[in-house]
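Summary of the model geometry
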Amino acid sequence: MSSITQETIKNSLSKVIDRDSGADIMSAGIVSGIIIREGEIGAKVGFVITIDPKDRERKAYLREACEAQVRKLSGVESVAAVMTAQNSEPIAPKPEAGYAGPRERAVWNITPVEGVKKVIAIASGKGGVGKSTTAVNLAMALQKKGLRIGLLDADIYGPSIPRMMALSGKPEIIDNKMIPPENHGIQCMSMGFITGDDAAILRGPMISKTLHQLLRFSKWATIEKPLDFLVVDMPPGTGDIHLSMVQQVPLSGAIIVTTPQEVAVMDARKALKMFQKTGVVILGVIENMSGSIFGSGGGKKLAEEMDVPFLGAISMDAAIVEASDNGTSYSGACVEAYNKIANQLV
């Protein structure tokens, strides 16, 4: 007799996040009709996911995400989620918020970024693990393979890409679109080009709007010759920018960067789970500063634990620091490691 119960299923599904609202799907009240039957080697689980008809295409990810989440449970033989659509009422206005009428739900934008084939997020759970350095050198490794590459600095509060790519000044604007500055054959866009040395002082809603402008109002390559990859340097953590990113652009996947020690791996695990819960494919884990005073093996252990690819380990090299500070192309001992990771992505 299987130990799987409806409560077990509900608890498991509560880990799946609805991209529109940011709430888990059980709290959102869109799961019903949970059925559990005994199979030959475990429980056969079925349930219904009810969505609004207009959301049919952009919420298609929920079915796969829910099935994958329940399938992780020990004792489950098979999972079948059925998506149905019915009209839903608008969200009721809150008088204290000053709304005069019903509010629309947040919209997840699945429209591709103009001039871009694939978008890859480079993320980490905490700062100081070399995520931006990894994003820059991975972008360079991809560019050297003859691919058209763009680099977006999504760290609105702490942009570092202008310094690391030796670029400065405000972008030129043509036909109401910003022209991304270019160096090392890579198009770059960053809040740092707009604010310079001044701090970006923005509240949460403005962060989302700013990210949208950097993404959608930049002229990335051309429709005839689009970028093969837009590499996005995400800020550390799991905040507003991360949710805005998964809402505003169809990500091809995310790469998690961590240093080997457990305190960094612990936070990287949270970032990895956040992307999984929002239906974003994890392309793999990179262990940065491997073999240093932080030890080694933490990144690989995380990848094995979460059943995602381990893309490789990058060792410490003072030349990387120098190249990052000066905005020059790195050509030291770790180049081969970056090239191997680029090959896996391609």
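A few points on the structure. Given the structure is predicted, the values throughout are model-derived calculations rather than measurements.

**Some thoughts on the overall build of the chain**
- Secondary structure summary: the chain contains eleven helices and 13 strands in total.
- Residues classed as buried in the chain amount to 48% of the 346 residues present.
- The long-range share in the chain, meaning contacts at least 24 apart out of those at least 6 apart in sequence, stands at 74%.
- Accessible surface, the chain: about 16,900 Å² in total, of which carbon and sulfur atoms supply 51%.

**Some thoughts on the pattern of salt bridges**
- In total, this model carries eleven salt bridges according to the counting rule given.
- In this structure, Arg269 and Glu262 form a salt bridge, with 3.8 Å as the shortest nitrogen-oxygen distance.
- Of the residues examined, Glu262 reaches a relative accessible area of 45% and is grouped as partly exposed.
- According to the relative accessible area criterion, Arg269 is buried, its value standing at 17%.
- One connected set of salt bridges, linked through shared partners, spans Asp18, Asp20, Arg58 and Lys59.

**Notes on the layout of surface pockets**
- The calculated volume of the largest pocket comes to roughly 720 Å³.
- Ala68, Gln69, Lys72, Gln276 and Lys277 are, among the 24 residues lining the largest pocket, the residues nearest its centre.
- Breaking the lining of the largest pocket down by element, the ones donating at least two residues are helix H1 (6–13), helix H2 (61–71), helix H8 (262–277) and helix H9 (298–306).
- When residues in the lining of the largest pocket are grouped by element, the largest group, five residues, is from H2.
- Its residues assigned to classes, the lining of the largest pocket comprises eleven nonpolar, six polar and seven charged.

**A few points about empty space enclosed by the protein**
- Within this structure, the stated rule accounts for one cavity of 30 Å³ or more.
- Lining the largest cavity are Val136, Asn137, Met140, Met164, Ala323, Ser324, Thr328 and Tyr330.
- Every element with two or more residues in the lining of the largest cavity is listed here: helix H3 (131–143) and helix H10 (318–326).
- Of all the elements, H3 adds the most residues to the lining of the largest cavity, at three residues.
- Tallied by class, residues from the lining of the largest cavity come to five nonpolar, three polar and no charged.

**So, the pairing of strand S4 (residues 116–123)**
- In terms of residue burial, S4 counts as a mostly covered element, since six of its eight residues are buried.
- Here S4 pairs with strand S10 (residues 227–233) via six bridges, running parallel. Looking at S10, one finds that Lys118 is bridged to Phe229.
- Note: S4 against strand S11 (residues 253–258), four bridges, orientation parallel. Within the sheet, the bridge partner assigned to Ile120 lies in S11 and is Gly253.

**What about H9?**
- Within H9 the residues assigned to the buried category are Gly298, Gly299, Leu302, Ala303 and Met306. For H9, the arc enclosing every buried residue in end-on projection is 135 degrees, short of the 170-degree limit, so these residues lie on one face. The outward face of H9, more than 90 degrees from its buried face, is lined by the exposed residues Lys301 and Glu304.
- Considering only its buried residues, H9 is in contact with S11, H8, strand S12 (282–290) and strand S13 (310–315).
- Among the residues trailing H9, Asp307 stands out with phi positive, at a value near 60 degrees.

**Remarks on the pairing of strand S2 (residues 43–51)**
- Buried residues dominate S2, accounting for seven of its nine residues.
- Here six bridges tie strand S1 (residues 31–38) to S2, and the two strands are oriented antiparallel to one another. Paired with Ile35 across the strands is Gly46, a residue of S2.
- The hairpin formed by S1 and S2 contains four residues between the paired strands.

Definitions and limits used
- Residues numbered from 1 in each chain as written.
- Predicted model: local features only at pLDDT ≥ 70, side-chain atom pairs only at ≥ 80, totals over all residues.
- Heavy atoms only, no water.
- Helix = DSSP H or I, 4+ residues; strand = E, 2+ residues; numbered from the N terminus.
- Buried < 20%, exposed > 50% of the residue type's maximum accessible area, 1.4 Å probe, protein only.
- Contact = heavy atoms within 4.5 Å.
- Areas by Shrake-Rupley, 256 points an atom, 1.4 Å probe, with all protein chains shown as cover.
- Salt bridge = Lys/Arg side-chain N within 4 Å of Asp/Glu carboxyl O.
- 1 Å grid on protein atoms, 1.4 Å probe; cavity = no way out; pocket = protein on both sides within 12 Å on 5 of 7 lines; lining within 4 Å.
- Points joined across faces, edges and corners; volume = space filled by probe spheres on them.
- Nonpolar A, V, L, I, M, F, W, Y, C, P; charged D, E, K, R; others polar.
- Pairing = 2+ DSSP bridges.
- Arc of directions from axis to C-beta.

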